[in-house]
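The primary structure of each chain is shown beneath.
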Amino acid sequence: PYNHPEKLYEKHSETIKLYLQKHVLPALKDKQDVFLLKELQTRWHHHTIMNKWMREFFMYLDRYFVKHHNLKPLSTAGLTHFKTLVYDECKTEVADAMLVIVDNEREGNAIDRTLMKQIIGVFETMGLGGTGEADANGGHAKDALGAYNSDLEEPLLVSTRNFYGRRREEWIAVDSTPDYLVKAEKALDQEKERIGAYFNLSSESKVLKVCEEELLENCQTTLLEKEGSGCKVLLANDKTEDLERMFKLFNRLDNGLNPMAQILKEYIEGVGQGHIGQREAKIKAAEAEGKKEKGDDPDFVKALLATHAKYVDLIKAHLSNHPLFQQALKDAFASIMNNDVGITTNAELISTYCDRLLKAGGEKLSEAEIEQNLDSIVELFTYLRDKDYFGEVFRNQLAKRLLNQKSASDDLEKSMISKLKAQVGSQFTSKMEGMMNDLSTADEHDKGFKDFQKLPHEEGKCPLDTSVQVLTTGNWPTYQKPEILLPKAMQPAVDQFARYFKVGQEQRRLTWFYSLGTVKIKATFFGKEKKSYDLEVATLQGAALLAFGEGEELSFSELSQRLDLKTEYLKPVMHSLCCGKYKVIAKNPANNKVKETDKFTPNAKFKNNNKRVKIPMASLDSNVNTKKVEEDRTVNIDAALVRIMKSRKTLGHQALVSEVLEQMILFKPQARDIKKRIESLLEREYLERSEDGNNMYNYLA
């Protein structure tokens, strides 16, 4: 009762205040710049020692008097007096001195980082309400950095903005974009390291954001479009290291990659349009010379493949495979691949390039290289709007390779079909797979037919070595089916196979396509010298050759009557035999056009260095049946409409059109085409207009 704690507590405060006012403040007022910081650090160190021992001396007050009277603990009271009497008086001058030192370090000068860290500790402690306590993780509580944030961090952010604003203007006036970005990257790395060295880590994100705004965001357009060194120039010169740095820096900004991705898209489009322009110039040059446009252009396709591969690699290796740049590449190539020039579409061109890869004797590449090319072709295929058109062309070319035994490898054919299947589904490739299956059963039919020929009642009835391919009509393209009266030498083979096929397969109907078959004929020409050749010709050509018997002369009408073959088919057959490279038939009059008034006779003067002669004939069928493609599209749109309406029962016009467009992965129909199909379904009573309005439809079960 007689220890006077209240007076003792007051005396403790008075003593500390007196010391701070008479000794600390006068010492600080005489100092500036780094000397001010050193003096503050010394005085702060002394104060913490004094505060600690004062608390030790009067621990009784903390334990009992302070606790029971709800007063500040002694250590907190001491820190509070320092904040009120010293810190609040000199904080602005101290912060200004620190910012000058930070700018000096940014200029490349050495500074006392230990001193800076100690002074920053003062700012941090002043925000702790005098407790000096840390949070559970050993750091400062978020709300305990009030003094640091307001008295030092805020001026630091302003100073940083001003410093790098000046730097930006200096650099951008003299530096190229790559040089500027090198400096910006270095500055950002240095700022991050500086914060970690002596500032509170909570300032890192704020300081870096200010730096990013000043060095990157405020001049992004200028950097990207700078003449002679902007993004397009870097792309044109393959400056991958600079592009990677540009990506990393602008990725730090909110939506910072959008302008760069747009430039990449426009640049790739420009490269693609350059290839298209070259193709267009080639077509015009051919037309000027009176030549027809070629149905293939491997150089154009190779250029597209190389361009696509180049920017796929760029995006993967240097742009982190970022979705924005993937989309930019996709949009660019969608524009390129659907920009057709001339008669032949890009879909046909890439399918024809596939044909070169998969055909025996086509591109001189290893199997691994062909596989790689096929993968790249399928990537280009995904950008096509009219994938069904590509599919029809590819299926026709596949059929020719298989039927003419021109395929380099069944494994490669199956591999390509599986790649397409993975992209657009089994419906797209089902007929192609059916074609491959048909040929896999050809050996079984061939063996069965050979065994059938050896039966007692069949043996010797057909002296020809005959092989027949049995195809499923629904899998294969539609072909011309010219009716022809076969020569006596050929007919027995057809009759015998028909008898074989009928056994056990009464339900299947056999139809012969003589336009697709081939035949080998041994021909002897009696000129000055007797010469024999082995001619490899189409079945129609073979029938025409055999019609001449021992070398008689026949008019066009006589030949047509003897073969019972229509004029539209006979003309291309005879053109191949008397106007092509190998003129085995002589025509009177001799010219390059077959007329119905012409007369024909075997060419006794025919000579060739090779005994085996293969005589090509123009196909009677076009590469693609566009009418069938349109019919298939109509069916697909109808099916999608019915499927959607069956599920939804009632739907508005715009919603229905949108859903149909989403489901059409093989082609993109126009809205007017969908509207026509809706009208057709209304007429056929699959749908009806809703009573709620003309723009609503109901499904009719």
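As the structure is a prediction and not an experimental result, all values here were calculated from the model. (Residues numbered from 1 in each chain as written. Predicted model: local features only at pLDDT ≥ 70, side-chain atom pairs only at ≥ 80, totals over all residues. Heavy atoms only, no water.)

**A few points about the sheet that holds strand β9 (residues 696–699)**
To summarise the sheet geometry, strands pair through backbone hydrogen bonds and adopt either a parallel or an antiparallel arrangement. The strand order β7-β9-β8 describes an open sheet built from three strands, whose pairing is antiparallel. At either margin of the open sheet sits one strand with a lone partner, and together these are β7 (650–652) and β8 (687–689). Neighbouring strand axes in the sheet, compared pairwise and without regard to direction, differ in orientation by 30° on average. In the sheet, β7 pairs with β9 via three bridges, with the strands oriented antiparallel. Opposite Thr650, over in β9, you have Asn698 as the bridge partner. Sitting on the sheet, helix α27 (residues 671–683) touches β8 and β9, and the angle it makes with β8 is about 100°. (Pairing = 2+ DSSP bridges. Helix = DSSP H or I, 4+ residues; strand = E, 2+ residues; numbered from the N terminus. Axes fitted to C-alpha atoms, helices over the stretch in contact; angles between N-to-C directions. Contact = heavy atoms within 4.5 Å.)

**Brief notes about the packing of aromatic side chains**
Enumeration over the complete set of coordinates arrives at 22 aromatic pairs. Taking the centre distance of 5.0 Å and the plane angle of 35° together, the rings of Tyr198 and Phe199 count as tilted. Each member of the pair, Tyr198 as well as Phe199, is classed as buried. Measuring from centroid to centroid gives 6.5 Å for Phe556 and Phe600, while their planes differ by 50°, and the two rings are tilted. Note that Phe556 is positioned in helix α23 (residues 556–563) and Phe600 in strand β5 (residues 599–602), a separation of 44 residues in sequence. No difference in accessibility class separates Phe556 from Phe600, as the two residues are buried. One aromatic cluster is present, formed by Phe449, Phe452, Phe497, Tyr500, Phe501, Trp512 and Tyr514 through successive ring pairs. Seen from the ring of Phe300, Arg279 lies directly overhead, with NZ or CZ sitting 5.8 Å from the centre. Looking at Arg401, its charged tip hangs above the ring of Phe394, at a distance of 5.5 Å from the centre. (Phe/Tyr/Trp six-rings, centres within 6.5 Å; stacked < 30°, edge-to-face > 60°. Buried < 20%, exposed > 50% of the residue type's maximum accessible area, 1.4 Å probe, protein only. Lys NZ or Arg CZ within 6 Å of the ring centre and 35° of its normal.)

**Quick look at the side chain of Arg167**
By the element assignment, Arg167 lies in helix α6 (residues 146–174). Taking relative accessible area as the criterion, Arg167 reaches 17% and is therefore assigned buried. A distance of 3.1 Å separates polar atoms of two side chains, one belonging to Arg167 and the other to Glu170. (Polar contact = N/O pair within 3.5 Å; in protein donor to acceptor, adjacent residues only side chain to side chain.)

**As for the pairing of strand β4 (residues 585–588)**
When a strand is regular, its side chains alternate between the sheet's two faces. What you see with β4 is a clean split: Ile585 and Lys587 sit on the buried side and Ala586 and Asn588 on the side with no burial. Bridge analysis of β4 against β5 gives four bridges, and the strand direction is antiparallel. Considered in β5, the bridge of Ile585 is made with Pro602.

**Re the sheet that holds strand β2 (residues 530–538)**
The three strands lie next to each other as β1-β2-β6, forming an open sheet whose pairing is mixed. Each end of this open sheet is capped by a strand with a single partner; those strands are β1 (518–526) and β6 (612–614). Geometrically, the sheet is characterised by an average inter-axis angle of 30° between neighbouring strands, direction not taken into account. Strand contacts of helix α22 (residues 539–546): β1 and β2, with the helix running at about 140° to β2, the strand carrying the most contacts.

**Quick word on the packing of α6 against helix α8 (residues 204–215)**
Running from amino to carboxyl end, α6 crosses α8 at an angle of 25°, the nearest separation of the two axes being 8 Å. Considering the angle they form, α6 stands roughly parallel to α8. Where α6 crosses over α8, the handedness of that crossing is right-handed. Contacts from Asn149, Glu153, Leu156, Leu157, Thr160, Arg161, Tyr164, Gly165, Arg168 and Trp171 of α6 reach α8 at Lys206, Val207, Val210, Cys211, Glu213, Glu214 and Leu215. (Parallel < 35°, antiparallel > 145°, perpendicular 65-115°, else oblique. Left-handed = near helix turned anticlockwise from the far one by under 90°.)

**Concerning the packing of helix α17 (residues 387–403) against helix α19 (residues 426–440)**
Remark: α17 packs on α19, axes separated minimally by 10 Å, with the N-to-C direction vectors making an angle of 5°. Between α17 and α19, the crossing angle belongs to the class labelled roughly parallel. Between α17 and α19, the residues in contact are Lys387, Asp388, Phe390, Gly391, Phe394, Arg395, Leu398, Ala399 and Leu402 and Phe428, Lys431, Met432, Met435, Met436 and Leu439, respectively. Along the lines of polarity and charge, the residues of the contact of α17 with α19 split into ten nonpolar, one polar and four charged. (Nonpolar A, V, L, I, M, F, W, Y, C, P; charged D, E, K, R; others polar.)

**Thoughts on the state of the cysteines**
In the structure shown here, the tally under the stated rule is zero disulfides. You can see Cys231 has no disulfide; the closest cysteine sulfur is in Cys219, sitting 14 Å from it. (Disulfide = S-S within 2.5 Å.)

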